[in-house]
Amino acid sequence: MYSEKVMDHFENPRNVGKLEDANAVGEVGNATCGDIMKIYMKIENGIIEDVSFKTFGCGAAIATSSMATELVKGKTVEEALQLTNKAVMEALDGLPPAKVHCSVLAEQAIHAALKDYSEKTGIDLGLPESVHEFDCASFHKSMNEENKK
Ligand code: FES
């Protein structure tokens, strides 16, 4: 049920741990499952030079954190802002429907780190105010409503 890529990133996660010289940090939590994801970034001249993560969560959350860090490494902050959970899932060759919300956590964690960067530097990235809270229950509700259409 999990793709080989998901299993690979779960068993051999890339960019794990705290980045000592990070200048942007984002942490998000899922109120329903209790999982927590923290992303560290070292951003120089608008480029994400280095990135790492610490995730206390399910296997899909670890695999999506790992893939998300790979996808934003070396990118500009603007490019990283465009990263969606869909792109992370595609890069992992998909996730089971019940695990889609875990990839949303990865997207939110990247956004939270970029928000931190924006606040520290005063650079307006046009981010929404509330990126720190992600409510799994309402996400599933909206997904179910989408599916009914
Ligand atoms: Fe919580 Fe996957 S079950 S992030």
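Above this note sits the structure.
First, a word on scope: everything that follows refers to the structure included in this document. Quick caveat, the model's predicted, so the values are computed rather than measured. (Residues numbered from 1 in each chain as written. Predicted model: local features only at pLDDT ≥ 70, side-chain atom pairs only at ≥ 80, totals over all residues. Heavy atoms only, no water.)

**Quick look at the packing of helix H1 (residues 4-11) against helix H2 (residues 59-72)**
Selection rule: Axis lines are fitted to C-alpha atoms, over the contacting stretch for helices. Their N-to-C directions set the angle, which ranges from 0 to 180 degrees. The helix and strand labels rest on DSSP assignments: H or I over at least four residues marks a helix, E over at least two residues marks a strand, and numbering proceeds from the N terminus. Angles below 35 degrees are treated as roughly parallel, those above 145 as roughly antiparallel, those between 65 and 115 as roughly perpendicular, and all remaining angles as oblique. Contact definition: two residues touch when any of their heavy atoms are within 4.5 Å. We call Asp, Glu, Lys and Arg charged. Ala, Val, Leu, Ile, Met, Phe, Trp, Tyr, Cys and Pro are nonpolar, and the rest, Gly among them, are polar.
The interhelical angle for the contact between H1 and H2, taken along N-to-C directions, is 90°, at an axis separation of 8 Å. Our classification of the angle between H1 and H2 gives roughly perpendicular. Residue-level contacts link Val6, His9 and Phe10 of H1 to Gly59, Ile62, Ala63, Ser66, Met67 and Glu70 of H2. Class assignment for the residues of the contact of H1 with H2 results in five nonpolar, three polar and one charged.

**Digging into the nonpolar core**
Rule in force here: Grouping buried Ala, Val, Leu, Ile, Met, Phe, Trp, Tyr and Cys residues that are joined through side-chain atoms within 4.5 Å yields what is termed a nonpolar core. Partly exposed describes any residue whose relative accessible area lies between the buried limit of under 20% and the exposed limit of over 50%, with all areas from a 1.4 Å probe on protein chains only and scaled to the type maximum.
Of all hydrophobic cores here, the largest spans 39 residues; its most connected members are Ile39, Met41, Ile43, Ile48, Val72, Ile110 and Leu114. Only strand S1 (24-30), strand S2 (36-44), strand S3 (47-56), H2, helix H3 (77-81), helix H4 (85-91) and helix H5 (100-121) provide two or more residues apiece to this core. At ten residues, the largest contribution of residues to this core is made by H5. Among residues more than four places away in sequence, those in contact with Ile110 are Ile39, Met41, Ala68, Val72, Ala80 and Leu83.

**Considering the environment of Leu19**
Position of Leu19 relative to the elements: it lies in the loop between H1 and S1. As for Leu19 and Tyr40, which are separated by 21 residues in sequence, their C-alpha atoms are 5.9 Å apart. Once residues lying within four places of it in the same chain are set aside, the contact partners of Leu19 are Tyr40, Met41, Lys42, Asp50, Val51 and Ser52.

**Describing the pattern of salt bridges**
Pairing between side chains of opposite charge can happen when the charged atoms of each approach one another. Here is the rule we go by: The salt bridge criterion pairs a side-chain nitrogen of Lys or Arg with a carboxyl oxygen of Asp or Glu, the two atoms within 4 Å.
The final tally for this structure, using the stated rule, is seven salt bridges. Residue Lys5 is joined to Asp93 by a salt bridge in which the shortest nitrogen-to-oxygen separation is 4.0 Å. Of this pair, Lys5 sits in helix H1 while Asp93 sits in the loop between H4 and H5, placing them 88 residues apart in sequence. Linking Lys115 and Glu119 is a salt bridge whose minimum nitrogen-to-oxygen distance equals 2.9 Å. Here Lys115 and its partner Glu119 are both found in helix H5, four residues apart, which amounts to about one turn of the helix. Residue Glu119 is classed as exposed on the basis of its relative accessible area of 54%.

On their own, these measurements won't tell you what the molecule is for.
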